[in-house]
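Observations on chain architecture
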Amino acid sequence: MSTRGYAASKKLLTGLIGAPIAHSASPAMHERAAEALGLRGHYQLIEVAGADATGLSMMLEGVRRLGFAGVNVTYPYKEAVVPLLDALAPGAAAMGAVNTVVVKDGRLTGHNTDTTGFARAVAPLLAPTGNAIALIGAGGVGKAIAFALASLDVTDIRIFDREPARAETLAGLLSRQGGARVAATVEDALAGATGLVNGTPVGMLPNRGMPVPATLLHERLWVADAVYSPLITPLLAAARERGAKIMTGRELAIYQAADAFALFTGLAPSTEVMGEAFDEVMVARSSAYHAA
């Protein structure tokens, strides 16, 4: 890979746009990965709630002009930034959602490493054939998860969203790959499913809700959550109590960050180093939460 000059300059400025993001483990992961590669990295949290298109454009213009190699984008702006960028990678264009913006030659290009990251994380849970996955949420993260599942040849994806139009849109985007349908209820989505994925913010601290009733969880189901704060969400706790195999948001967080870092720099970071940084943040946060 090209180093794009970062190894020579030893400086790397990246960041995250979203709200709320004070809980993010991204600064620790990216800065530790940079350090391991001999770079002096700074990862800036850019937390602005309720930004409209004008506000987002101003933030992106700052990213363009202030020496950023790129930024990550999280809730609630993964879809809103799409029309504000200069170009989109094919995968991001197909789903209409971006979580990584790379700055190169003054141009902003959108990518989606949630897709590649989730595909890497979920692959061990999938059976060789016959996977039927209930996906809760069709927003930015839900889109990435759906495309990741489709890339792994999952042909039975049941999409439920509280806004049916969003689920319809996502099913339509996946129509060329086949196998995705809109579920009228969470019960419909989970009927006969082998896996369940939460692609919504429900369960992220301070929220303690669940995206599906605990009564629908059972031991023949694996359950994954994109939320990682807390690591064991109410959904995952309930699933584990009922004997289901669970996957926390840890692997998604690490793999999407590693793929974004590679896009920012042209360098391959250590996922082991990023994982250690992530775990340290989670331990510190858990200690602070229980001490409060």
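Refer to the structure presented above.
Residues numbered from 1 in each chain as written. Predicted model: local features only at pLDDT ≥ 70, side-chain atom pairs only at ≥ 80, totals over all residues. Heavy atoms only, no water.

Comments concerning the sheet that holds strand β2 (residues 40-47)
With mixed pairing, the six strands of this open sheet are ordered in space as β2-β1-β3-β5-β6-β4. Strand pairing shows two members of the sheet lacking a second neighbour, β2 and β4 (87-88), which therefore form its edges. Here helix α2 (residues 26-36) sits on the sheet in contact with β1 (11-18), β2 and β3 (70-73), set at roughly 165° to β2. The strands touched by helix α3 (residues 53-65) within the sheet are β1, β2, β3, β5 (100-104) and β6 (107-111), with β1 carrying the most contacts at an inclination of about 175°. (Pairing = 2+ DSSP bridges. Helix = DSSP H or I, 4+ residues; strand = E, 2+ residues; numbered from the N terminus. Contact = heavy atoms within 4.5 Å. Axes fitted to C-alpha atoms, helices over the stretch in contact; angles between N-to-C directions.)

A look at the layout of surface pockets
Of the voids in this model, the largest pocket is the one considered here, and its volume is about 1100 Å³. If you go around the largest pocket, you meet 45 residues; those closest to its centre are Y75, V141, G199, T200 and P201. Of all the secondary structure elements, the ones that give two or more residues to the lining of the largest pocket are β3, α6 (140-151) and α10 (250-265). In terms of residues, the lining of the largest pocket owes the most to one element, α10, which gives three residues. (1 Å grid on protein atoms, 1.4 Å probe; cavity = no way out; pocket = protein on both sides within 12 Å on 5 of 7 lines; lining within 4 Å. Points joined across faces, edges and corners; volume = space filled by probe spheres on them.)

Overview of the environment of L221
Position of L221 among the secondary structure elements: in the loop between β10 (195-198) and β11 (222-225). Distance in space between the C-alpha atoms of L221 and L196 is 7.2 Å, their sequence separation being 25 residues.

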